[in-house]
Each structure stands twice: as structure tokens, then as C-alpha cells.
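Single-letter residue listing:
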Amino acid sequence: QVQLVESGGGLVQAGGSLRLSCAASGRAFSNYAMGWFRQAPGKEREFVAAINGMGGSTRYANSVKGRFTISRDNAKNTVYLQMNSLKPEDTGVYYCAAVSSLYYVPLTTGEYLHWGQGTQVTVAS
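Now for a look at the structure at hand. (Residues numbered from 1 in each chain as written. Predicted model: local features only at pLDDT ≥ 70, side-chain atom pairs only at ≥ 80, totals over all residues. Heavy atoms only, no water.)

## Notes on the overall build of the protein
Looking only at helices and strands, one finds zero helices and eleven strands in the protein. Reading the secondary structure of the protein in the N-to-C direction produces β-β-β-β-β-β-β-β-β-β-β. On C-alpha atoms alone, the protein measures out to a radius of gyration of 13 Å, which is about the 14 Å that the 2.2 N^0.38 rule sets for 125 residues. Pairs at least 24 apart in sequence give 61% of the contacts found in the protein among residues at least 6 apart. Between the mean site of the 11 positive side-chain charges and the mean site of the 7 negative ones, the protein shows a separation of 6 Å. (Helix = DSSP H or I, 4+ residues; strand = E, 2+ residues; numbered from the N terminus. Rg over C-alpha atoms; globule rule 2.2 N^0.38 Å. Contact = heavy atoms within 4.5 Å. Lys, Arg positive; Asp, Glu negative; His and termini not counted. Charge placed at Lys NZ, Arg CZ, Asp CG, Glu CD.)

Right, here's the structure in full:
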């Protein structure tokens, strides 16, 4: 069983930056693909970014390409989401997710088995 704990959310002005972290418990963290999703009030949860277990392949939603960077440190069992040039539309609860996958990068909520509790990101205009 993998347990995920997100941190790093907060309130930031438009144009600012935040770095989210997701710490995973359990063994063999490098066997898991990790994803970040977000959910704004009244909207469905949407894909933001993901990275495969080996860390060599990443995917991004078009809305965050060039602004967000996902990375992982397998020695620390942690995945990060560096968010730059933040916009008000980036506001939402950000969730970390995990599924066993060395090479494939899952992009949909249904493909992930383990979820964190979420961390709030608010971007003020």
C-alpha cells in the first residue's frame, strides 16, 4: 500500500511560483508512476503532469506546458511539481497520485490507484 502526502500549497500572486511536494511511504517508489491532478470548485479533476517510475518520461497538460515541471527523487520517495508563472486559472486543490508503472506514463484519473489528500493552491489576480 502506498500512502501519499502533499505539501507546498498556498496563496500566491499571479506570476509567482510554488513548488509542491508529494512524499510517498512504502517500498519500491521507483516502480511507481506519479501524477499531479487538480480540481477547481465545481469542476472535474483534471490531469496536470505525470512522470514514469524510471523518471525518464514526463507528460504535461497543454495548459501548463512551459510553466510547470514535474520531477522525482527516488532516494527521497518524493515527487515535485515546480509551478512558475502562475495564473488565476491554476487555482484548485492539487492531488498527487501513484500507480505501479516503470515506463508508461498514465494520464487519466482512472489509471491511478493511490491518491493523496490534496493541497490547496490559490493564485490571486
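## Description of the environment of Thr91
Structurally, the position occupied by Thr91 is in the loop between β8 (78-83) and β9 (92-100). Ignoring any residue separated from it by four or fewer positions in sequence, one finds Thr91 in contact with Ala40, Gln120, Val121, Thr122 and Val123. From its side chain, Thr91 meets the backbone oxygen of Pro88 in a polar contact 2.9 Å long. (Polar contact = N/O pair within 3.5 Å; in protein donor to acceptor, adjacent residues only side chain to side chain.)

## Concerning the environment of Leu20
Inspection of the secondary structure puts Leu20 in strand β3 (residues 18-24). Remark: the alpha-carbon pair of Leu20 and Glu44, spanning 24 residues in sequence, is separated by 20 Å. Every residue in contact with Leu20, bar those within four places of it in the chain, is listed here: Ser7, Gly8, Gly9, Trp36, Val79, Tyr80, Leu81, Met83, Tyr94, Thr119 and Val121.

## Concerning the pattern of salt bridges
Under the defined criterion, the tally for this structure stands at three salt bridges. Its salt-bridge partner being Glu46, residue Arg38 comes within 2.6 Å of it at the nearest N-O pair. The partner of Asp90 in a salt bridge is Arg38, and the shortest N-O contact between them spans 2.8 Å. Note that Asp90 is positioned in the loop between β8 and β9 and Arg38 in strand β4 (residues 32-39), a separation of 52 residues in sequence. For Asp90, a relative accessible area of 0% puts it in the buried group. By relative accessible area, which is 6% here, Arg38 ends up buried. Here the residues in one salt-bridge network are Arg38, Glu46, Arg67 and Asp90, joined through shared partners. (Salt bridge = Lys/Arg side-chain N within 4 Å of Asp/Glu carboxyl O. Buried < 20%, exposed > 50% of the residue type's maximum accessible area, 1.4 Å probe, protein only.)

## Topic: a nonpolar patch on the surface
Together, Met54, Leu102 and Tyr103 give the surface a local cluster of nonpolar side chains, amounting to about 340 Å² of exposed area. You can see Leu102 is positioned in the loop between β9 and β10 (114-115). (Patch = residues over 30% accessible without salt bridge, like charges linked within 9 Å, V, L, I, M, F, W, Y side chains within 5 Å. Areas by Shrake-Rupley, 256 points an atom, 1.4 Å probe, with all protein chains shown as cover.)

## Notes on the pairing of β9
Within β9, seven of the nine residues are buried, which leaves the element mostly enclosed by the surrounding structure. Across three bridges, the pairing between β9 and strand β11 (residues 119-124) is antiparallel. Its bridge partner lying in β11, Gly92 is registered against Val121. Pairing of β9 with β10 involves two bridges; the strand directions are antiparallel. Each bridged residue has a counterpart across the sheet, and for Ala98 the counterpart in β10 is His114. (Pairing = 2+ DSSP bridges.)

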